[in-house]
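Secondary and tertiary structure notes
One-letter residues, chain by chain:
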Amino acid sequence: MLDTMKKVFGFTSFLPDQETIIRNILNRKDVFAVLPTGGGKSLCYQLPSKILPGTTVVISPLISLMKDQVDAAQENGISASYLNSSLNPVERSEVYRDLKKGDLELLYIAPERFVMSNFLEELKTVQISLFAIDEAHCISEWGHDFRPDYLSLTHITSLFPDIPVAAFTATATVKVQDDIIKKTGLRTPYVVRASFNRHNLFYQVKRKEQVESQILNFIHEHENESGIVYRTTRDAVLKLADFLSKHGVRALPYHAGLPAEERKRNQEAFSRDEAAVMVATIAFGMGIDKSNVRFVIHADLPKNIESYYQETGRAGRDGEPAHCLLYFSRGDIPKLKYFIDGIADDKEREIATDKLYRIIRYASHNICRRSYLLEYFGENYPAENCGACDICTGMVEKIDITIDAQIIMSAMLRTGQRFGIRHTIDIVCGANIKRIRELRHDKIKTYGAGKHKDKKHWHFLVDELLVQDVIHQDGDKYPVLKLTKKGIDILYGKETIAALKTEEKKKRPLALGDEGFTPYDEYLFEKLRVLRKKIAEEQNVPPYIIFSDRTLHEMCRYYPGNMSDMQRISGVGDTKLEQYGEGFIREIKAYINENPGRPERQSSAEQSFFPHANLGPKRIKGETIQKTHELFEKGLSIEQIAKVRNLAKSTIEGHLEQLIRDRKDIDINRLVDPAKQDEIKESFLILNTWKLNPIVEYFNGKVSYEEAKFVRALLQQNDSKKIIEK
Ligand code: ADP
Ligand code: ZN
């Protein structure tokens, strides 16, 4: 398995659950798997298609995606085709011919084919290794995306009793799961429910103010990255796309009201990295297989957590870091409420309202965004600090609410924990009402203890206490408030509690994610991206199909200089190595020649390879840097050294940068005014980037590109995390 995986896909290890799923398939067992987006579902059936004799038939609902999936498989050297209504008769008979000859390892079909008797007759005459049902939730009426044509799959196991069936989906509650298994008649399948945690996604919520400019700023800081911005209305989509375009961003709009032709064109431009940003309503989503979406921004509050999780799920499918940013304003709530209030069915309306409140809590409370999302889906996230959300990384300012919390809890305790939210708040606010007087609650010590703050404040506070599990509601019809263990500790001063301050804190740490994503050479990445784009255009496929961002990033860490090093890069299988290996090696070599100081980590023959090798100390390359070092030590300026050595000033600067990074006792005070150094250092932390452009912009001309570069090298001397702690 490992061998084939390396050869075909270029991967050296499995993602979670892939291995057991594949083992079960190879043992001809049925499988039902819920894996999150980016979890690597396609490998689970594509790898068996390479190992098992016969054709693996994949049932997939989206005709628009089949071509890309087949293209991607073919790029890896898998013999793959598809059958759907978009093919003309000649193309179709070619596919049938290949199928009958046994030449196809992988065949994608649309579900409706399963009720076409002539197709089924054909299938019965060929050797089939496996049926893989993609997006299996479409078969269940309980799922969020039921498709009647999927019902044709209910016969699959009775029509083909000897062939294993593996069903995959990214979303299925246990109820939907049972329904799918029953409908398809899976035979005591091996069931996997993977974690929904997307460890490479960074979650952040920001206060929405002037959202268009806020988004523009964000995009400027994420130059050359691909992303989606969701807006609720079509008008807002068009307006924002226009605004961004006017400011030089390659942005396109997408909503259901645009002509089909234009939608298709825009989606393709996005997929092919021609447009960097897609501004869209939620109509844009299904059928986005693009793996290098680096950010998903919500400019308006989504209507529930399911939608938010699904939409943000489109970021970072390649496993590389990606950013999910929600701009939140309480002003968005009434609009959503208005729609919900229009729902006729009482029960449905209640559910929708409840779901809305859950997303509001997500956006406004002081709890780890990741653990909140996961908890929503019934998953317990064990870590105290996820390391990849704005809360856990301290990007937001908090205020201590212990005293107010104690006031509420004391009122609860003194009334025997037998009253609900409204009554408790009435007590705290000192309401002069009959019920309070009757119960003699105006006599307790906390009566009126919080009257200096308005009711809204106390409602928010109670909500916060509920969300942070300090108090809980007990009872269905007339729920009463009770303390939890945590609440008791806070009440008796053993613990404190904080809430989010609505003002945003500026400072941001550099750390991203708990997985410790390693930096890569961004300049080289730009070059390789351009090359990838060129090849993709020639092949007429989206760039991420040639190599994923993840694969390019790895090249930009290890600078593979020959075919055997190249082969060790994750995502470079035999076919891609043969097709593109040399082109990329050439580009990398050219880059190294132009930037001798650049490669920070090299894979030499003796200190052989990564990916898990320690990224040992960085070596100074060659005599040339040495020479610069000597001259600098003698007191020459950059200009003088450049002149003496007859090299470009920028080359010398590159040498010095490298020398600083390698801690070669360069007196940086000669390069950057000492008074500025701390400020520049801090700006890297504040802006949370290693990029130079944002830093230079941040100082508005006060700091030069070179100064920023030298300070960055200084920061990079040490482990960046240590610097943050200081
Ligand atoms: P899903 O369909 O579950 O969203 P994909 O099958 O599109 O996920 O895979 C997501 C990404 O992960 C793709 O870029 C794929 O090439 C990559 N991938 C899959 N399996 C592995 C693996 N074992 N190692 C590294 N990357 C992988
Ligand atoms: Zn967190």
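Residues numbered from 1 in each chain as written. Chains lettered and ligands numbered in written order. Predicted model: local features only at pLDDT ≥ 70, side-chain atom pairs only at ≥ 80, totals over all residues. Heavy atoms only, no water.

1. A look at the pattern of salt bridges
The line we're drawing: One speaks of a salt bridge when a side-chain nitrogen belonging to Lys or Arg is within 4 Å of a carboxyl oxygen belonging to Asp or Glu. Secondary structure elements are defined from DSSP: runs of H or I of at least 4 residues count as helices, runs of E of at least 2 residues count as strands, and each element is numbered from the N terminus.
For the coordinates displayed, the defined rule picks out 46 salt bridges. E105 serves as the salt-bridge partner of K50, at 3.2 Å between the closest nitrogen and oxygen. Of this pair, K50 sits in helix α3 (residues 41–51) while E105 sits in the loop between α5 (89–101) and β4 (106–109), placing them 55 residues apart in sequence. Put simply, K676 and E707 hold a salt bridge, and the shortest N to O gap is 3.1 Å. Here K676, found in helix α29 (residues 674–687), pairs with E707, found in helix α31 (residues 705–716); they are 31 residues apart in sequence, far enough to count as distant.

2. Examining a negative patch on the surface
For clarity, the threshold we go by: Like charges within 9 Å and nonpolar side chains (Val, Leu, Ile, Met, Phe, Trp, Tyr) within 5 Å are joined into patches, using only residues over 30% in relative accessible area that form no salt bridge. We get accessible surface area from the Shrake-Rupley algorithm with a probe of 1.4 Å; when it comes to residues, only the shown protein chains can shield them. His is not counted here, nor are the chain ends, while Lys and Arg score as positive and Asp and Glu score as negative. In plain terms, the charge of a residue is placed at NZ if it is Lys, CZ if Arg, CG if Asp and CD if Glu.
Judged by side-chain charge, E630, E633, D665 and D667 come together as a negatively charged surface patch. With respect to the helices, strands and loops of the structure, D667 is situated in the loop between α28 (649–661) and α29.

3. What to know about the sheet that holds strand β2 (residues 55–59)
Condition: Any two strands are treated as partners once DSSP identifies two or more bridges connecting them. Helix axes are fitted only over the stretch in contact, all axes being lines through C-alpha atoms; the angle between N-to-C directions runs from 0 to 180 degrees.
Pairing in this open sheet of seven strands is parallel, and the strands run β3-β4-β2-β5-β6-β1-β7 from one edge to the other. Edge strands, defined here as strands with exactly one partner in the open sheet, are β3 (80–83) and β7 (190–193). Pairwise comparison of adjacent strand axes, ignoring direction, gives a mean angle of 15° for this sheet. One ladder, built from four bridges, connects β2 with β4; its direction is parallel. Within β4, the residue paired with T56 across the bridge is L106.

4. A few points about the site of ligand 1
Condition: Here a residue is considered near a molecule or strand provided that any single heavy atom belonging to it is located within 4 Å of it. A 3.5 Å cut-off defines polar contacts: any pair of N or O atoms within that distance qualifies, except that in protein one atom must be a possible hydrogen donor and the other a possible acceptor, and neighbouring residues in sequence count only when both atoms are side-chain atoms. Classes in brief: Ala, Val, Leu, Ile, Met, Phe, Trp, Tyr, Cys and Pro nonpolar; Asp, Glu, Lys and Arg charged; the others, Gly included, polar.
As a structural note, the neighbourhood of ligand 1 is formed by 13 residues, with S13, G38, K41, S42 and R317 the closest of them. Within the backbone of G39, one N or O atom sits 3.4 Å away from an oxygen atom of ligand 1. Out of a free accessible area of 560 Å², ligand 1 has 83% covered by protein chains. Across the shell around ligand 1, the residue classes break down as four nonpolar, seven polar and two charged.

5. Here's the deal with the packing of helix α27 (residues 638–645) against α28
For clarity, the cut-off: An angle counts as roughly parallel when it lies under 35 degrees, as roughly antiparallel when it exceeds 145, as roughly perpendicular when it falls between 65 and 115, and as oblique in every other case. Left-handed describes a crossing whose near helix is turned anticlockwise from the far helix through less than a right angle; right-handed describes the clockwise counterpart. Residue contacts are defined here by distance: any two heavy atoms, one from each residue, within 4.5 Å place the two residues in contact.
At their nearest, the axes of α27 and α28 sit 9 Å apart, and the two run at 115° to each other. Classified by the interaxial angle, the pair formed by α27 and α28 is roughly perpendicular. Where α27 crosses over α28, the handedness of that crossing is right-handed. Contact residues: α27 offers I638, E639, I641, A642 and R645, while α28 offers K649, I652, E653, H655 and L656. In terms of residue class, the contact of α27 with α28 is made up of five nonpolar, one polar and four charged.

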